[in-house]
Amino acid sequence: MTRSIAETVQAWDAADPAALHPFRAIAEDVYWASGRNHADLLSTVLPAGSRVVDFGCGDGRVAVPLQALGYSVIGVDAAPTILARLSTDVQAELSNGTDLLATLGGQADAIICIGVLPSHGRDAAADIINGLRLATRPGGLLILDWPTSDQPAEGETWQQPTTWSVDQQDLLCQEIGMQRLPLGLPWAAFEAVV
């Protein structure tokens, strides 16, 4: 069953926050520490002081520590209830990703998207990735939690991950102007190319 972006966003918006991230079930301090660790990892590849969009920012687990590291961070989420939990001085914007360029009013130096794509069906994820690419300046970075598998499958619900083959990812990247980068991160990294 193919899920629309709106169906997935509606499910996220209605979900208990503890269901949205496994570390939250362990303890709040573990959850926030994981965000600081992710921000530290990202800072090894993001240019200092760059304009970074955290797409799917939720309550700011990664956006807040990235901003504390000196980045100009815009937290973006498609779910209004979730975005309302971003109660810091991080700029917040509502977007489902497909309209991100218009929402931002210009391109970003880097876009990170962690924990979003696995919850979407293949078509919806492709539409989101295309929107993120359009909102990234040429030469900018896209860091995507975009799971691969030797046996790619589409999850039937937002809680079952959709996986892609590397060949499927590379084909989409070629079509929309992205090039894979070997940055050694736990997520896939791409450069926006002309």
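Residues numbered from 1 in each chain as written. Predicted model: local features only at pLDDT ≥ 70, side-chain atom pairs only at ≥ 80, totals over all residues. Heavy atoms only, no water.

Undergrad: Outline the pairing of strand 2 (residues 72–77), supporting the account with residue identities and numerical values.
TA: With five of its six residues buried, strand 2 lies for the most part within the structure. In terms of strand pairing, strand 1 (residues 51–55) meets strand 2 through five bridges, oriented parallel. The partner of Val 52 across the bridge, within strand 2, is Val 73. This β-α-β element, strand 1 to helix 4 (residues 63–68) to strand 2, shows right-handed connectivity. As judged from the four bridges shared by strand 2 and strand 3 (residues 91–94), these two strands associate in the parallel manner. The partner of Val 76 across the bridge, within strand 3, is Glu 93. (Buried < 20%, exposed > 50% of the residue type's maximum accessible area, 1.4 Å probe, protein only. Helix = DSSP H or I, 4+ residues; strand = E, 2+ residues; numbered from the N terminus. Pairing = 2+ DSSP bridges. Right-handed = clockwise from strand over helix to strand, strands pointing away.)

Undergrad: How would you summarise the nonpolar core if you had to cite specific residues and measurements?
TA: Counting 30 residues, the largest nonpolar core has Val 53, Phe 55, Leu 132, Leu 144, Trp 146 and Met 178 as the members making the most contacts within it. Counting only elements with at least two residues in this core, the list comes to strand 1, strand 2, helix 6 (100–104), strand 4 (108–113), helix 7 (122–134), strand 5 (136–144), helix 8 (166–176) and strand 7 (188–192). Among the elements that take part in this core, helix 7 stands out by supplying six residues, more than any other. Beyond its immediate sequence surroundings of up to four residues, Val 53 is in contact with Ile 74, Val 76, Leu 100, Leu 104, Ala 108, Ala 110, Ile 111 and Ile 112. Counting residues in each nonpolar core, the second largest holds 22 residues, with Leu 46, Val 52, Leu 185 and Trp 187 among its members. (Core = buried A, V, L, I, M, F, W, Y, C linked by side-chain atoms within 4.5 Å. Contact = heavy atoms within 4.5 Å.)

Undergrad: Lay out the pattern of salt bridges with the relevant residues and their values.
TA: Here the structure, examined in full by the defined rule, presents three salt bridges. Its salt-bridge partner being Asp 170, residue Arg 180 comes within 2.9 Å of it at the nearest N-O pair. One end of the pair, Arg 180, is in strand 6 (residues 178–181); the other, Asp 170, is in helix 8, and ten residues separate them in sequence. (Salt bridge = Lys/Arg side-chain N within 4 Å of Asp/Glu carboxyl O.)

Undergrad: Help me get a handle on the side chain of Asp 77, residues and values and all.
TA: Within the secondary structure, Asp 77 is located in strand 2. Of the side chains with opposite charge, Arg 85 comes closest to the buried, unpaired Asp 77, at an N-O distance of 8.1 Å. A polar side-chain atom of Asp 77 sits 2.8 Å from the main-chain amide nitrogen of Gly 58. Asp 77 has contacts with Gly 56, Cys 57, Gly 58, Ile 82, Leu 83, Glu 93, Leu 94 and Ser 95, leaving out every residue within four places of it along the chain. (Lys, Arg positive; Asp, Glu negative; His and termini not counted. Polar contact = N/O pair within 3.5 Å; in protein donor to acceptor, adjacent residues only side chain to side chain.)

No statement about biological role is implied by the geometric values presented.
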